[in-house]
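Coordinate analysis (summary)
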Amino acid sequence: MGFARTCSVALVGVEGVVVEVQADLEPGVAAFTLVGLPDKSLVESRDRVRAAVVNSGGEWPQRKLTVGLSPASVPKGGSGFDLAVACAVLGAAERVDPREIADLMMIGELGLDGRVRPVRGVLPAVLAASEAGYRQVVVPEQTAGEAALVPGVSVLGVRSLRQLIAVLTDEPVPEEEETQELGRPDPMLAGLTVPGAGMGTGVAAVPGSGAGRPDMAEVAGQRAARTALEVAAAGGHHLFLSGPPGAGKTMLAERLPGLLPPLSQQEALEVTAVHSVAGVLPPGQPLVKSPPYCAPHHSATMAALVGGGNGLPRPGAVSLAHRGVLFLDEAPEFSGKALDALRQPLESGHVVVARSAGMMRMPARFLLMLAANPCPCGRYGLVGDVCECTPTTVRRYQARLSGPLLDRVDLRVHVEAVSRAELTGARAGAEHSASVAARVREARERAAARLQDTPWRLNSEVPGHELRTRWQPSSGALRGAERDMERGLLTARGLDRVLRVAWTVADLAGHDRPEAPDIAQALQLRTGISRGVPVAAGER
């Protein structure tokens, strides 16, 4: 009897579970049994592994073969177990030393000719292996750069099963021919992306530099909206823009990611892990360094927004926008259930999806930006234009955004239609995104210094109790907000969010703590009612 074991990783959402792959050979009629709760794609690995071993010059054992995936209670799917299954079988057949593969973590799909093909989710799989104490991993050559992002792990990138066998047996490593033809895409990278995934979710990476990068200087007018974007970027506050069509709401949303600072190393690993599992990670770009921008269409379902699908749930738009911007254009056109499903991730920074196949927790700390027209025709409230909607239609349209959802949005700004003078006039003094981003970075540094010994890094993350007791504003600065609360214009949650925005305004202005004008500016951004303060943050 021959026995060997090695390890691989099963992905449950964006988290990995270490799986021990065991192979057992016994005398009897030749058969290949795979146990351990595999799905259809994993059951098919029996044929892939057999053909890959034979075409790699190995001899397939003609005995009763049982391959077990432990723990057996965890659902397992995908083709990433092929490499581990093949090596476990070769170890049981004593083609390779079983001791050489016992502490190896292997991830990769096998072609029928023995080539090792890349799979999605390599980064979270290697992260799980590192947390479990594994220090050596074997991955496809194309994803070796992604796996190498995990510190303290030795990565071996292989191109074929023949090369891996040679490494394990101390034989000369054979050279494999290149499969990519000049001027044509590499067919081996086809498994890294889901067809249409990026297009269906609206995911896009913000260009790092160059003439194609959206710039704030291109936006005509909209002084109040530009200030709201700056405050939102500095404190991580959610934003709601309402206004007629063509006023520039989408233009502003596309320029918001450019105001955010680059991702830290830990944040970049989190974002890259989600995008790798979802199949939207661009080939040749192992690490996402810029905040993502996700703009799903208003026909998106609840599963597309928060995650789901058949079997084990997959990341939705809220997870794909993690550490970035989630923009919902024409927000009232979204399903009411889908919009209300955003409440929990807006508060907690993660989403928990429960299905019959399992329950999983996925990261979802994003900056939400909503945009809406005032009515279905978009002309309600415009001077000199006739709105064709009845008052009942307008109320019903605006009520599609529920009160509990809007209560979680810190900034609400009405975007006015752009005048001819603003659109055609010279904008020599228009401020560029780089200047605004520099102020945002300075404001975030002030907040980070103040929150240094706490689990929070942004003003939007600080609980209201801490703002009312530990970091209090100037004496008498809250009188206007207290009056609004007594009149019913603010809820308790609304008051906490006004305090958070006020701290961000104070950070942008360089104040040690919020003063009365800072609170008034925060109230103006929260309620949309003018408080007689300058529009631009930090202008006083």
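Bear in mind the structure is a predicted one, so any value in this text is a computation, not a measurement.

Further remarks concern the pattern of salt bridges. For the structure shown, the criterion picks out 25 salt bridges. With a closest N to O distance of 3.5 Å, Glu 347 and Arg 408 form a salt bridge. Taken together, the positions of Glu 347 in helix α15 (residues 343-348) and Arg 408 in the loop between α17 (403-407) and β17 (411-414) put the pair 61 residues apart, joining distant regions of the chain. Taken together, the shared-partner salt bridges connect Glu 347, Asp 407, Arg 408, Asp 410, Arg 493, Arg 497 and Arg 526 into one network.

One pair of aromatic rings is described through two measures. These are the centre distance and the angle between the planes. In total, this model carries 2 aromatic pairs according to the counting rule given. Where Phe 32 meets Trp 60, the ring centres are 5.6 Å apart and the plane angle is 45 degrees; that geometry is what we call tilted. Of this pair, Phe 32 sits in strand β3 (residues 31-35) while Trp 60 sits in the loop between α2 (45-55) and β4 (64-70), and the two are 28 residues apart along the sequence. Taken individually, Phe 32 and Trp 60 each receive the classification buried, so the pair is uniform in this respect.

Membership of the largest hydrophobic core comes to 50 residues, with the highest contact counts inside it found for Leu 229, Leu 239, Leu 241, Leu 256, Met 369 and Ile 519. The leading source of residues in this core is helix α22 (residues 492-509), at 8 residues. Beyond its immediate sequence surroundings of up to four residues, Leu 229 is in contact with Met 216, Leu 239, Leu 252, Leu 256, Leu 259 and Met 369. Counting residues in hydrophobic clusters, the runner-up holds 38 residues, among them Phe 32, Ala 88, Val 89 and Leu 161.

Now for a nonpolar patch on the surface. Taken together, the side chains of Leu 156, Val 167 and Val 173 present a nonpolar region at the surface, about 200 Å² in accessible area. Here Leu 156 lies in strand β9 (residues 154-158). Judged by its relative accessible area of 31%, Leu 156 falls in the partly exposed class.

Another aspect to go through is the packing of α2 against helix α3 (residues 82-92). Taken N-terminus to C-terminus, the directions of α2 and α3 make an angle of 60 degrees; their axes are 10 Å apart at the nearest point. Judged on the interaxial angle alone, α3 and α2 are oblique. As α2 packs across α3, the resulting crossing turns out to be right-handed. For the pair α2 and α3, the contacting residues are Ser 45, Arg 48, Val 49 and Val 53 in the first and Asp 82, Val 85, Ala 86 and Leu 90 in the second.

Each value, and the rule that gives it
- Residues numbered from 1 in each chain as written.
- Predicted model: local features only at pLDDT ≥ 70, side-chain atom pairs only at ≥ 80, totals over all residues.
- Heavy atoms only, no water.
- Salt bridge = Lys/Arg side-chain N within 4 Å of Asp/Glu carboxyl O.
- Helix = DSSP H or I, 4+ residues; strand = E, 2+ residues; numbered from the N terminus.
- Phe/Tyr/Trp six-rings, centres within 6.5 Å; stacked < 30°, edge-to-face > 60°.
- Buried < 20%, exposed > 50% of the residue type's maximum accessible area, 1.4 Å probe, protein only.
- Core = buried A, V, L, I, M, F, W, Y, C linked by side-chain atoms within 4.5 Å.
- Contact = heavy atoms within 4.5 Å.
- Patch = residues over 30% accessible without salt bridge, like charges linked within 9 Å, V, L, I, M, F, W, Y side chains within 5 Å.
- Areas by Shrake-Rupley, 256 points an atom, 1.4 Å probe, with all protein chains shown as cover.
- Axes fitted to C-alpha atoms, helices over the stretch in contact; angles between N-to-C directions.
- Parallel < 35°, antiparallel > 145°, perpendicular 65-115°, else oblique.
- Left-handed = near helix turned anticlockwise from the far one by under 90°.

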